[in-house]
Amino acid sequence: MSPLLIGATALLILVGVGLQIWVSGSARMGRQYALQLPSALLYALAGALFLFSAFPDSTAEGRALGFSLGGAAAFAAFFLLASFTWLSKTRDRDELAAEIKRLKRQNAELRRELAGERPRAAAPRQLMAGTRHEVSVRGARGHRLGLITGNLVNVSGVDVWVNTENTRMEMSRINDPTISAAIRYHGGRRDAGGHLTHDTIALELAERMGGQAQVAPGQVLVTGPGELARTHQVKRVIHVASVEGEPASGFRPVLDLERCVRNVLAETDRLNDEGESLRSIVLPLLGTGGGNNDLRKTADTLAAAVTGYFRSHPASRVRTVYLLAYTDVQAAVCAAALGLDPDLA
């Protein structure tokens, strides 16, 4: 048997195997069995080619649909006939698979709705213990989207902390119950009594502003981690303008939270291109500090923005982005956005 024929046979088999792997994907659920017909044809051709090339004296004869067949054609026809007989029984299987897919999608949607419809009488419960969960981003090999529960100050070993800041880039007072205040306090130098003696991160952020009164919504500024490098192994803090304020009216989330996420990831990749090693990011639920925002919509938006960025930037050296959930309600909503069981958090 010539090397050319061996190569052709191997190629037909490899293509057939590749097709079977492709049709086994969840996106083809409901058509998986019917789509295996091309693979059956390739296997039939490969088998006939190999058998009658390696054993030229072999014979095969038969009749199908009133025609007499012999040689390789008879062998291929027999293989195909058997394949068609098997595939003719696949409609019920495909219909069942399609129904299972529909029910799974419906179940996921119901879980998301339940996660976002907590009774108002039940106040959100703060989560003390920190847990981590990760899922692979479909269509972006090597990238993961995760969930961290609990207080940010209990998180360690994540390279980049994202600070959800206002468009004036004015950090919260250290006694405020905000992400900004936590980063400001724990990133500064403190004396033995715990009093802030050097406002490290806030001072650097003011310097980065360069005298500007404010930045555009979604804009990001990068500072060092201050004392967080020593205490929490943080390498960078990225401040993103995710809320904007009005005099006497308070703050509201910016309209385009997706842009905030894209800018954070793009800035992290820029720093990686300059030689830094930033592989993980913890991302709070941007703009939800006031308590009157749509948590479910925000979590879905952030998750979609992260996965969209990874799919469009497969070379990104950021490996994992974690959503931060401080309460049980936030954890349930984030878990649903990631396709996890809301109860696991």
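Our structure is the block above this text.
Along every chain, residues carry numbers that run from 1 in the direction the sequence is written. Only residues with pLDDT of at least 70 get local features here, since the model is predicted, and only at 80 or more are side-chain atom pairs given and counted; chain-wide, interface and lining totals rely on the full set of residues. The basis for every side-chain value is the complete set of heavy atoms in the structure, and neither hydrogens nor water enter the calculation.

Q: So what exactly am I meant to see when it comes to the overall build of the protein here?
A: Every helix listed is a DSSP run of H or I at least four residues long, and every strand listed is a run of E at least two residues long, numbered separately from the N terminus. When its secondary structure is counted, the protein shows ten helices and twelve strands. Partly exposed describes any residue whose relative accessible area lies between the buried limit of under 20% and the exposed limit of over 50%, with all areas from a 1.4 Å probe on protein chains only and scaled to the type maximum. Residue burial in the protein is summarised as follows: out of 345 residues, 39% are buried. Considering only contacts within the protein whose residues lie at least 6 apart along the sequence, 62% involve residues at least 24 apart. Residue contacts are defined here by distance: any two heavy atoms, one from each residue, within 4.5 Å place the two residues in contact.

Q: When you look at the packing of aromatic side chains in this model, what are you seeing that I'm missing?
A: Centre-to-centre distance and the angle between the planes together describe a pair of aromatic rings. Working definition: a ring pair exists when centres of Phe, Tyr or Trp rings (six-membered ring for Trp) sit within 6.5 Å. Plane angles under 30 degrees give stacked, over 60 give edge-to-face, the rest tilted. The final tally for this structure, using the stated rule, is one aromatic pair. With 6.4 Å between their ring centres and 65° between their planes, Y309 and F310 make a pair best called edge-to-face. Considered together, Y309 and F310 belong to a single accessibility category, that of buried residues. In this arrangement the basic side chain of R132 is found over the ring face of Y322, its NZ or CZ atom lying 5.5 Å from the centre. In this arrangement the basic side chain of R190 is found over the ring face of Y185, its NZ or CZ atom lying 4.9 Å from the centre. To sit over a ring, a charge needs its Lys NZ or Arg CZ within 6 Å of the ring centre and within 35 degrees of the ring normal.

Q: Please clarify how a nonpolar patch on the surface should be interpreted in this entry.
A: The patches reported here contain residues having more than 30% relative accessible area and no salt bridge. Joining distances are 9 Å for like charges and 5 Å for nonpolar side chains (Val, Leu, Ile, Met, Phe, Trp, Tyr). Note on areas: Shrake-Rupley, 1.4 Å probe, and residue coverage restricted to the protein chains presented here. Think of a salt bridge as a Lys or Arg side-chain nitrogen and an Asp or Glu carboxyl oxygen that are within 4 Å of each other. Residues I13, V17 and I21 make up a contiguous nonpolar surface patch of roughly 250 Å² in combined accessible area. If you trace the backbone, V17 turns up in helix α1 (residues 3-23). Since its relative accessible area comes to 35%, V17 is described here as partly exposed.

Q: What should I look at first to understand the nonpolar core in this one?
A: Soluble, globular proteins show a tendency: their nonpolar side chains are buried together. Counting 41 residues, the largest nonpolar core has L283 and V321 as the members making the most contacts within it. Residue contributions to this core peak at seven residues, all from helix α9 (residues 295-312). For L283, the residues in contact, after removing those within four places along its chain, are V162, V261, L302, V306, V321, Y322, L323 and L324. Side-chain atoms within 4.5 Å link the members of a nonpolar core, which is a set of buried Ala, Val, Leu, Ile, Met, Phe, Trp, Tyr and Cys residues. Counting 21 residues, the second-largest nonpolar core is a separate cluster that includes I148, V158, I201 and V237.

Q: What should I look at first to understand the environment of G226 in this one?
A: Along the chain, G226 falls in the loop between β8 (220-223) and α7 (228-232). For G226, a relative accessible area of 26% corresponds to the partly exposed category. With 28 residues separating them in the primary sequence, G226 and H198 have C-alpha atoms 9.9 Å apart. Apart from residues no more than four positions distant in its own chain, G226 is found in contact with G187, T200 and I201.

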